[in-house]
Amino acid sequence: MYNFDVEMPTSIADAVKALGREEAQPMSGGQTLIPTLKARLAAPSVLVSLHSIPEMKGVCKNDAGDICIGGATTHATVAAEAVDYPALASLAARIGDPAVRNRGTIGGSVANNDPSACYPAGVLGSGATIVTNNREIAADDYFLGMFETALEEGEIVTEVKFPIPEVAHYEKHLQPASRFPLVAVFVAKFADGVRVAITGASENGVFRWTEAENALSGNFSASALDGLSLSGDKMISDLHGSGKYRAHLCGVMAKRAVAAAS
Amino acid sequence: MPKDHGIGASSKRREDVRFLTGEGNYTDDINVNGQAYVYFLRSDIAHGTLNSVDTSAADGMEGVVKIFTGADFEAVGSVPCGWQVTDKHGEVMQEPRHPVLAHGKVRHVGEPIAAVVAETLEQARDAAEAIVLDITHLPAVVDMKEAVKEGAPKVHDDLTSNLCYDWGFVEENKAAVDAAFEEAHHVTTLELVNNRLVANPMEPRVAVGDFARGTGDHTLYTTSQNPHVIRLLMGAFVLGIPEHKLRVVAPDVGGGFGTKIFHYQEEAFVTYAAKVCNRAVKWTSSRSEAFMSDAHGRDHVTKIQLALDKDNNFTALRTDTYANMGAYLSTFAPSVPTWLHGTLMAGNYKTPLIYVNVKAVFTNTVPVDAYRGAGRPEATYQLERLVDKAAHELKVDPIKLRRQNFIMEFPYATPVAVEYDTGDYVATMDKLEEMADIAGFKKRREDSEAKGKLRGFGVNCYIEACGIAPSNLVGQLGARAGLFESCTVRVNATGGLVVMTGSHSHGQGHETSFAQVVADMIGIPEDMVEIVHGDTANTPMGMGTYGSRSLAVGGSAMVKATEKIIAKATKIASHLLEASEGDVELKDGAFTVAGTDKSVAWGDVTLAAYVPHNYPLEEIEPGLEETAFYDPSNFTYPSGAYACEVELDPETGQVTVERFSAADDFGNIVNPMIVTGQVHGGLAQGIGQALLENCAYDSDGQLLSASYMDYAMPRASDLPFYDVDHSCQTPCTHNPLGVKGCGEAGAIGSPPAVVNAVLDAMRSGGKDVGHIDMPVSPHRVWEAMNS
Ligand SMILES: Cc1cc2nc3c(=O)[nH]c(=O)nc-3n(C[C@H](O)[C@H](O)[C@H](O)COP(=O)(O)OP(=O)(O)OC[C@H]3O[C@@H](n4cnc5c(N)ncnc54)[C@H](O)[C@@H]3O)c2cc1C
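Note that the coordinates shown come from a computational prediction; the quantities given were computed from them, not determined experimentally.

Turning next to the overall build of chain A. Along chain A, the regular secondary structure elements total ten helices and 14 strands. Relative to its length of 262 residues, chain A is compact, with a C-alpha radius of gyration of 18 Å against a globular reference of 18 Å. Once the C-alpha set of chain A is aligned to its principal axes, its extents read approximately 55 × 45 × 30 Å. A total of 262 residues make up chain A; the buried ones form 54% of that total. Counting contacts in chain A only where the partners sit at least 6 residues apart, residues at least 24 apart contribute 58% of the total. Summed over its atoms, the accessible surface of chain A is roughly 10,800 Å², and 49% of this surface lies on carbon and sulfur atoms.

Here we take up the site of the ligand. All names here are of chain A. Among the 31 residues in the neighbourhood of the ligand, the closest are listed as Pro26, Gly29, Gly30, Thr105 and Cys118. Note that an oxygen atom of the ligand is positioned 2.7 Å from one of the backbone N or O atoms of Gly29. Contacts to the ligand include Arg179, whose backbone N or O atom sits 3.4 Å from an oxygen atom. The protein chains hide 89% of the 960 Å² of surface that the ligand would expose on its own. Elements with a minimum of two residues in the shell around the ligand: strand 2 (24-27) and helix 6 (106-112). Ranked by the residues each element gives to the shell around the ligand, the list is headed by helix 6, at four residues. Residues that form the shell around the ligand fall into these classes: 14 nonpolar, 13 polar and four charged. Residue-level mapping places the shell around the ligand at the junction of two domains, with at least three residues from each of domain 1 (5-162) and domain 2 (167-261).

All names here are of chain A. With parallel pairing, the three strands of this open sheet are ordered in space as 1-3-2. Both edges of this open sheet fall to strand 1 (5-7) and strand 2, since each of them pairs with a single strand only. In this sheet, neighbouring strand axes are inclined to one another by 30° on average, regardless of whether the strands run parallel or antiparallel. Where strand 2 and strand 3 (residues 46-49) come together, four bridges link them in parallel fashion. Residue pairing for strand 3: Ala24 is matched across the bridge by Val46.

As summarised here, the arrangement of the four strands in space is 11-12-13-14 (chain A), forming an open sheet in which the pairing is antiparallel. Each having just a single partner strand, strand 11 (167-174) and strand 14 (207-208) of chain A make up the two edges of the open sheet.

Attention shifts here to the interface of chain A and chain B. Contacts between chain A and chain B engage 23 residues on the former and 25 residues on the latter. Of the roughly 1,900 Å² buried where chain A meets chain B, counting both sides, 49% is carbon and sulfur surface. Summed over the three residues of chain A that lose the most area to chain B, namely Arg40, Arg179 and Leu239 of chain A, the buried surface amounts to 30% of that side. Taken together, chain A and chain B are joined by six salt bridges. Sort the elements by how many residues they give to the side of chain A that touches chain B and helix 10 (residues 243-261) of chain A lands first, with seven residues. Residue composition of the side of chain A that touches chain B, by class: eleven nonpolar, seven polar and five charged.

This part covers the nonpolar core. Residue and element names in this part refer to chain B. Trp83, Tyr165, Met325, Tyr420, Tyr642, Phe660 and Val781 are the most contacted members of the largest nonpolar core, which has 133 residues in total. The element best represented in this core is helix 18 (residues 745-764), accounting for ten residues. Apart from residues lying up to four places away in sequence, Tyr420 is in contact with Ala346, Gly347, Ile407, Phe410, Pro411, Tyr412, Thr414, Tyr425, Ile463 and Tyr637.

Residue and element names in this part refer to chain B. Looking at the secondary structure, you find Asn278 in the loop between helix 7 (265-277) and strand 12 (281-284). For Asn278, a relative accessible area of 35% corresponds to the partly exposed category. On a C-alpha basis, the gap between Asn278 and Ala71 in space is 20 Å, while along the polypeptide they are 207 residues apart. Those residues within four positions of Asn278 in sequence are excluded, and the remaining contacts are Arg213 and Ala273.

Centre-to-centre distance and the angle between the planes together describe a pair of aromatic rings. Using the criterion set out here, one finds 31 aromatic pairs over all chains in the structure. Judged by centre distance (4.8 Å) and plane angle (90°), the ring pair of Tyr142 of chain A and Phe143 of chain A falls under edge-to-face. With relative accessibility at 11%, the residue Phe143 of chain A sits in the buried group. With centroids separated by 5.8 Å and ring planes inclined at 45°, the aromatic side chains of Phe73 of chain B and Phe269 of chain B adopt a geometry described as tilted.

All names here are of chain B. Here the amide bond leading from Phe410 into Pro411 is cis, since omega sits at -5°, within 30 degrees of zero. One can find Pro411 in the loop between helix 10 (398-405) and strand 16 (412-413). Here the amide bond leading from Met774 into Pro775 is cis, since omega sits at -5°, within 30 degrees of zero. Tracing the backbone shows Pro775 in the loop between helix 18 and helix 19 (778-785).

Further remarks concern the domain arrangement of chain B. All names here are of chain B. Taken domain by domain, chain B comprises domain 1 (27-138 + 202-255 + 260-293), domain 2 (300-469 + 634-785) and domain 3 (484-630). Between domain 1 and domain 2, the C-alpha centre-to-centre distance is 36 Å. Carbon and sulfur atoms make up 68% of the area that domain 1 and domain 2 hide from each other, which totals about 2,400 Å². The largest share of the area that domain 1 buries against domain 2 comes from Trp83, Phe262 and Phe291, three residues that together contribute 29% of it. Counting the contacts that link domain 1 with domain 2 gives zero salt bridges. For the pair domain 1 and domain 2, the number of links is nine residue pairs in polar contact (both at pLDDT 80 or more). By residue class, the composition of the side of domain 1 that touches domain 2 is 15 nonpolar, eight polar and seven charged.

Here the focus is the pairing of strand 12 (residues 181-190) of chain A. Residue and element names in this part refer to chain A. Counting buried residues in strand 12 gives nine out of ten residues, a clear majority hidden from the surface. When strand 11 meets strand 12, the two strands line up antiparallel, connected through eight bridges. Across the sheet, Val167 pairs through a bridge with Lys189, a residue of strand 12. Connecting strand 11 to the next strand, strand 12, in antiparallel fashion are six residues, including Arg179 with a positive phi near 65°. The pairing of strand 12 with strand 13 (residues 193-199) spans seven bridges and is antiparallel. Note that in strand 13 the partner of Val187 across the bridge is Val196. Taking the residues that link successive antiparallel strands as the turn, the strand 12-strand 13 hairpin has two residues.

Here is what the cut-offs are and how they apply
- Residues numbered from 1 in each chain as written.
- Chains lettered and ligands numbered in written order.
- Predicted model: local features only at pLDDT ≥ 70, side-chain atom pairs only at ≥ 80, totals over all residues.
- Heavy atoms only, no water.
- Helix = DSSP H or I, 4+ residues; strand = E, 2+ residues; numbered from the N terminus.
- Rg over C-alpha atoms; globule rule 2.2 N^0.38 Å.
- Buried < 20%, exposed > 50% of the residue type's maximum accessible area, 1.4 Å probe, protein only.
- Contact = heavy atoms within 4.5 Å.
- Areas by Shrake-Rupley, 256 points an atom, 1.4 Å probe, with all protein chains shown as cover.
- Near = heavy atom within 4 Å.
- Polar contact = N/O pair within 3.5 Å; in protein donor to acceptor, adjacent residues only side chain to side chain.
- Nonpolar A, V, L, I, M, F, W, Y, C, P; charged D, E, K, R; others polar.
- Domains from an automatic or database assignment.
- Pairing = 2+ DSSP bridges.
- Axes fitted to C-alpha atoms, helices over the stretch in contact; angles between N-to-C directions.
- Buried area = accessible area lost by both parts, 1.4 Å probe.
- Salt bridge = Lys/Arg side-chain N within 4 Å of Asp/Glu carboxyl O.
- Core = buried A, V, L, I, M, F, W, Y, C linked by side-chain atoms within 4.5 Å.
- Phe/Tyr/Trp six-rings, centres within 6.5 Å; stacked < 30°, edge-to-face > 60°.

This is how it looks when you write it as structure tokens:
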């Protein structure tokens, strides 16, 4: 680790101000950032902790019936408190291990947009809205590629708003070493259609499988996916699985998610 | 009735109290006043010419004490190799120089190039970043078969090739073996890879060097399985420090698994630098460094063939193995694929003719050496996969084929130089069949199939050799060390004992089980016996702990020393009892004159030894302290039979282990609970190798699995509840306790059962692929199912 200063603002406004300092970077749960700092792969001069900002924490429901989760809410809190959205609570409950869940946050996860992270699938699959300190961004416009998002320099994720589907399920096949998803699929059925989001597979990060969505919107059953497949060409290929294998798993996980949801 | 103390009792592990309450004293807990910290700048490329190491910008940086480079170690010895193998032509192996810090060339990712000693670790790292390296990249050799081809880039320019040795065993039998294959009714052939592993002990390596200017004494605190061996190797061969000026302490060690046997450059560095810098120097490996600097394990590529006659009797076996040495010869590396591997190729079977060829190869990878099992897992895996394959080719039951070829009479001299003293392979297989509930398998398979899963059953046998010995034989085989063990037993005046053993405990529970033995021999409570180990200053010269040798060899030395104590104490007692020595016997902590009620307590005798007022001073010396060295006449040969049941998801390729049964014969058992625990740990590592663990390099020699993000360790949820039994006991005939060794069996015996079970599951799904390499990852299974 290189040396850095730490700021501990207690409001979003103060956090934004602190992020105006040169080479400042927000830190939420630190579960991604601290290992990066330890490996000396990042060298911020100021870390702005989002840990002590009460308005960024907690799970509640708004008037529209959406579940609203503060950007600094831990995975463990979501697992315990997002009772109105069981599929999302279950996704949070299966991230990493207890230590990770007690520190890591939804804001950190969606800001980081790791191509194998769980939350991006839940957020995109739900058609959620990412709320920042100065705007609201629809999930469809937010995830731009591997580790890339629509966030601007110094912009922080303060909340994520999830509409609650009729049924939903998150199915994940684990990468054996990291226990991140090798491929995971989030399926959500709303009154006006089905959304299917896939993480772990694509070189461009989380994506929607529109062909599957169309098939499922007409017939929400696993058999509706028979015959559908994705190409492995632009999929991640590594020690743990080829692109072809990942493409195959997309189909298997999607079917299992639908079967579990229906 | 199970015993509640002494030999045979499941006494609770006394050391666990401190381990589990955070009171252990590990090397990283040791801090010497005024110590500095070292950070090693390591190569991030696999192969290159090191043109220059420019430290000028780093030298003056804040906190820097001194920066060392390879040039500083030119006059220092090479990190030695402890075993010299002679090849099939009678030539000794090629043995490259192994510098403390790279000089002239870098040969693997992770090789230390420079060492920065500074006030703090972060300052040392800052300065290391300011060191400028001028390296010309060279093509790396990673694949062993490519490495031995004509014209391949050479890892060591001064060697004739990348071939360390080409070993034939037993060379004189080769023609007869080949002839038997000519006449065979059936030949089964198998090509396989025994995957490279990283040991990953929970505690990474740590070394603290200290130097006392006033006396000229060096001290090295290090995470070692054998402090005396480190003292000898480092003192005599690397740094030229005589043993009496060098103390090596290996305090609590958080797991070794083989990788902490070896003498590493970092140990020599801190010892050397402490004197140069005139202050203690500490190094604590990060987990990332551990991946690229701890010796790796396994990494064999093998072709093996079995010849059978028309009645399915094994008539001959031959193997052709490439064994990766990595870039340098680690301490015992040459012995692992030869004397710890070739000698085990008979397994549990009476195959009359065997020939083993091993080519040891240098590559631009981390050195490879012994890892839990060391050579025996590689032997067992190929043999037990091969026998299973033969059974399927011949359409005979794999258990029946094994039973038919079992060795039935002991002692049994194998065609690969060793003689098994005892064993009962039928008994362990009978026990296993009962444990594995083979009759219920059909129903369990149907239940799995109803869920859309496949289910497979696999078995294997194993034989292994523990307590490598005797010294005069291993010396002929190339060992540059003895393989005895030592013990000093000191009885204190009030009757308590301090047992100073040359064995080292790094998780095995010696502090408990060794005390059980001594307490049992004397008939006193276990808590009157203290086990001391791990410090060259207060233990006799001993060879340490590896190869499941501690109880069989170290325990035997302890028994011999305790027998000497008892003999002397009996003399003192007979004097006190005014009886003749032959009439006095020790029982339950008291000396009694046979047939009378005259007795004297243990504590009165020990007090007399140190307060010799009423004492036969003209006949015997006062005091009660004895030392014994024990050099075994043979290895011990634990054996057993294992069964694994897996469920396989044909859609994802995911394999889960549903049942695992292990029937072992470890001879006599001192502490059944500890033995069970040792088997459990071994099984976790064996199943881990079979399903998860894989140390992978790319063709440039970059380590792909360099962290837990990519190196899959087995976790509790990957493992079933094991069914473990060690009631089949054929005691070892040549050591006083009749014990064998149990530390490695689980890791040796389990991989073939797992892979055999996976292949059985795949066959039940209509796919007979013949073989699948470890780790049997979901991806590999899916590819095989869809090939
Ligand atoms: C052992 C382990 C296992 C894991 N397993 C999984 C898993 O199975 N699935 C999974 O999805 N994840 C997993 N993770 C990652 C974990 O979920 C992280 O917590 C998460 O990815 C990042 O959240 P964080 O709060 O820790 O963010 P941090 O590490 O604090 O920050 C991550 C990045 O986001 C930025 N950032 C943080 N918060 C905000 C914000 N509110 N607005 C804008 N930028 C922000 C930071 O500057 C940094 O660049 C694992 C991590 C570990 C260590």
